[in-house]
Amino acid sequence: MTDSASNPDRITATTTQRWMRSPGLVAGAATGLLLAAIGLIASRIDLALLSLPLVAAVAVSWDRRPAAEDRATVTLSLADSGDSEIGYSLDIRAPHRVETTVLRYSVLGGEAREFVVATPLTGEIAGTVPLLHSGPQELVRFDYRFLGADAVEASTPQEPIIGERVVAPTHTTIRSLPLPHRLQGMTGAHESARAGDGGEFRDIHLFTAGDRLRRIDWKATARHAQNAGDLYVRRTNTLADATVLIVMDSRDDVGEQVAEWSRNSATEKGISSLDLAREAASSIANAYIAAGDRVGFQDLSSRARMVPHASGARHLWRLLRAIEVTAPSAVPFQHRRPPIVPPGALVYLLSSLLDDQSVNLALTWRGNGHRVIAVDVLPPARFARSTRYERLAHRMVMMERDDRTRILRSRGVDLLHWFEDRGSLPLSARLALLSRPPRRLGSAGVRR
Amino acid sequence: MSLRDRARPPDLPAADARVPGIAARVMLAIVGVLVSLVAYGSSGWSVVGILLSLSAAWAPRNLLAWVLIVFLALGELSRHAALTWQFLVLLAGVHLLHVLGLLTLELPWRGWVQPAVFARPLLRFIAIQIPAQLLAVVALLALAPNAHGHRPVTVAAFTVIGAAALAGLTLLLLRARPNEHLGR
């Protein structure tokens, strides 16, 4: 029975043990009796004497076996011990007459290691776990079992006690916000191309029904009026807000180290694509919500992680929570149709672009008239400890990936590399390039 | 697996778990080899004892440690029962093999062990060995036949002493305990 409901940083497991007798106990008893019998039959006192310590050892350790109904209580406590570390400590209250506890532990889902401590504990079982990644993660896991005197009785392994945390991703401040082709509403922070209130000067136009009298520009009327009834008004652009949909492709999570792509060890893989995706998604959500826009979120591998578009501070908390709990789910892509995108929305597709599924989605949305920005979250590759075959396989995967990015660009999907690598433009400059107003190339380039 | 892989992990949560788990198996092999050499000397049988020792350490689940104990004890049949240092070493050796055999069955050989884990089995070993060695000395002096085949104490006396020892052992095994094992 594990209890962590009241305090997630303190996990307590109370268990009743099921004891198993060691085969060595039976072997020791049988050996002792056999030697005594041979000594008796052969009239050899020395053989009978050799059986004596064996029988006595078996009797003593059997006499000191742990009681079946005694309960064990194991408590795992987690505590922040710095910006990038979490401390843990394990307290074991073993059943009466248990002499030894065998523990098997793993940190960040890595290789399991075993160690054995005397019970009651003579020292502290504690350590720290580095926070290397964002998102939900298993920080530390302990499996344990108890041994009686001389290990003649061993408890069956209990349910592991696991320390988990959801680590919030870091945020990058975004100053230049790319906008969708079509802004919506009559209020907001962005200037629309439609006539209305709040924006900058648009043009001088003939007074029509619905124009306010205070907008009449008398100087322009004096200059341009052909007839006595002509009135001219100064028109301004309206302000509007944008609808943004963040779509995260969390089906795969690959790190910098190519050699770790198959093993996916949290401690060895370096920055992972989902780390970058979470950082990008939370930064984008923060920036657009701060600008008063409506933001929605969808995780391609989980229908449960879908947040409809809305605005406001409370909605931002909801979005950030949905983003930080995103984890690779190993669920195949099951959408028969692409997820529904609100009319006129700007779609950010955060993907490592390692397969065609996300590319097809981006092209579908682009074909429906949405502005789509594919955020490439694949970190630059590193080849430490990689084999020649792994490097060759990586090269082939990257060639296919380059083909996909070429197709995306050719169909009008904007591409944004989130990772700031040496020699590339800073992220702010890349976002500023994407935020520039589109060139007016007929009706296709006009933001309406 | 390289030696580097077997190095003690720096982030091990129990700071004083510094004995490699394989030490119990190594000890089992060393004790088995030494006692085999003591029991069989330079005869060919000692090779069997060494092989059994190494096999028992390599695969404890096969319970070869207890086969080795029987093998070492049967070596006594080739000699006359007498109080010698070899017999006393054998008496301690078979007991130690039993304790190490039990530990190797449960201790993870790749893990790391606190030294305190070995303390209580060692204390029990000493607590059993001291009376066992004393009893062996007395029994062999009193009961073992001398060079002329004469026994210092008669069979009748041995029967009385043996019966008393068995009664004591029976009482130890059947000693009433609180009802803590009723649920088994």
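Residues numbered from 1 in each chain as written. Chains lettered and ligands numbered in written order. Predicted model: local features only at pLDDT ≥ 70, side-chain atom pairs only at ≥ 80, totals over all residues.

Let us now look at the overall build of chain A. Looking only at helices and strands, one finds 8 helices and 19 strands in chain A. Taken over C-alpha atoms, the radius of gyration comes to 34 Å for chain A, far larger than the 22 Å a tight globule of 448 residues would show. When burial is assessed residue by residue, chain A has 39% of its 448 residues classed as buried. The contacts of chain A with a sequence gap of at least 6 include a subset with a gap of at least 24, amounting to 73%. (Helix = DSSP H or I, 4+ residues; strand = E, 2+ residues; numbered from the N terminus. Rg over C-alpha atoms; globule rule 2.2 N^0.38 Å. Buried ≥ 20, exposed ≤ 12 C-beta atoms within 10 Å, placed from the backbone. Contact = placed C-beta atoms within 7 Å.)

Here we take up the pairing of strand E14 (residues 243-248) of chain A. Residues and elements named next belong to chain A. With respect to burial, E14 is a largely interior element, 6 of its 6 residues being buried. Burial along E14 is two-sided: Thr243, Leu245 and Val247 and Val244, Ile246 and Met248, pointing in opposite directions, are all buried. In the sheet, E14 pairs with strand E15 (residues 294-299) via 6 bridges, with the strands oriented parallel. Each residue of the ladder has a partner; that of Met248, found in E15, is Asp299. Once the chain exits E14 it traverses helix H4 (residues 273-290) before rejoining the sheet at E15, and the crossover so formed is right-handed. Two elements, E14 and strand E17 (residues 346-351), share 5 bridges in a ladder whose sense is parallel. By the bridge assignment, Ile246 is partnered in E17 with Tyr348. (Pairing = 2+ DSSP bridges. Right-handed = clockwise from strand over helix to strand, strands pointing away.)

Attention now goes to the interface of chain A and chain B. Between chain A and chain B, the residue contacts involve 48 residues of the former and 57 residues of the latter. At the level of secondary structure, the elements contributing two or more residues to the side of chain A that touches chain B comprise helix H1 (23-41), helix H2 (45-63), strand E6 (100-107), strand E7 (113-118) and strand E8 (125-130) of chain A. Per element, the largest residue contribution to the side of chain A that touches chain B is 13 residues, and it comes from H2(A). Residue composition of the side of chain A that touches chain B, grouped by class: 33 nonpolar, 8 polar and 7 charged. Here E7(A) pairs with strand E2 (residues 112-113) of chain B via 2 bridges, running parallel. Residue A:Val116 lies in a different strand from E2(B), and its bridge partner there is B:Val113. (Nonpolar A, V, L, I, M, F, W, Y, C, P; charged D, E, K, R; others polar.)

On to helix H5 (residues 313-324) of chain A, then. Residue and element names in this part refer to chain A. Between its first and last C-alpha atoms H5 spans 17 Å; for 12 residues at 1.5 Å apiece the expected length is 16 Å, and the two agree. Of all the residues in H5, the buried ones are Leu319, Leu320, Ala322 and Ile323. One side of H5 carries all its buried residues, which in axial view fall inside an arc of 160 degrees. Opposite the buried face of H5, at more than 90 degrees from it, the exposed residues are Ala313, Arg314 and Trp317. (Expected span 1.5 Å × (residues − 1). Arc of directions from axis to C-beta.)

Further remarks concern the packing of H2(A) against helix H5 (residues 116-143) of chain B. Across the interface, H2(A) lies against H5(B) with an axial gap of 10 Å and an inter-helix angle of 160 degrees. In terms of axis orientation, H2(A) runs roughly antiparallel to H5(B). Considering the relative orientation of H2(A) and H5(B), their crossing is right-handed. Residues A:Ile45, A:Asp46, A:Leu49, A:Leu52, A:Pro53, A:Ala56, A:Ala57 and A:Val60 of H2(A) form the contact with H5(B), whose participating residues are B:Arg124, B:Ile128, B:Gln129, B:Ala132, B:Leu135, B:Ala136, B:Ala139, B:Leu140 and B:Leu143. (Axes fitted to C-alpha atoms, helices over the stretch in contact; angles between N-to-C directions. Parallel < 35°, antiparallel > 145°, perpendicular 65-115°, else oblique. Left-handed = near helix turned anticlockwise from the far one by under 90°.)

Turning our attention to the packing of helix H4 (residues 85-106) of chain B against H5(B). Residue and element names in this part refer to chain B. One way to put it is that H4 packs onto H5 with a least axis distance of 10 Å and a crossing angle of 155 degrees. In terms of orientation, H4 lies roughly antiparallel with respect to H5. In terms of crossing hand, the pair formed by H4 and H5 is right-handed. Where H4 approaches H5, its residues Leu88, Leu91, Ala92, His95, Leu96, Val99 and Leu103 are matched on the opposing element by Pro121, Phe125, Ile128, Gln129, Ala132, Gln133 and Ala136. The residue inventory of the contact of H4 with H5, partitioned by class, reads 11 nonpolar, 3 polar and no charged.

Nothing here speaks to function; it is all geometry.
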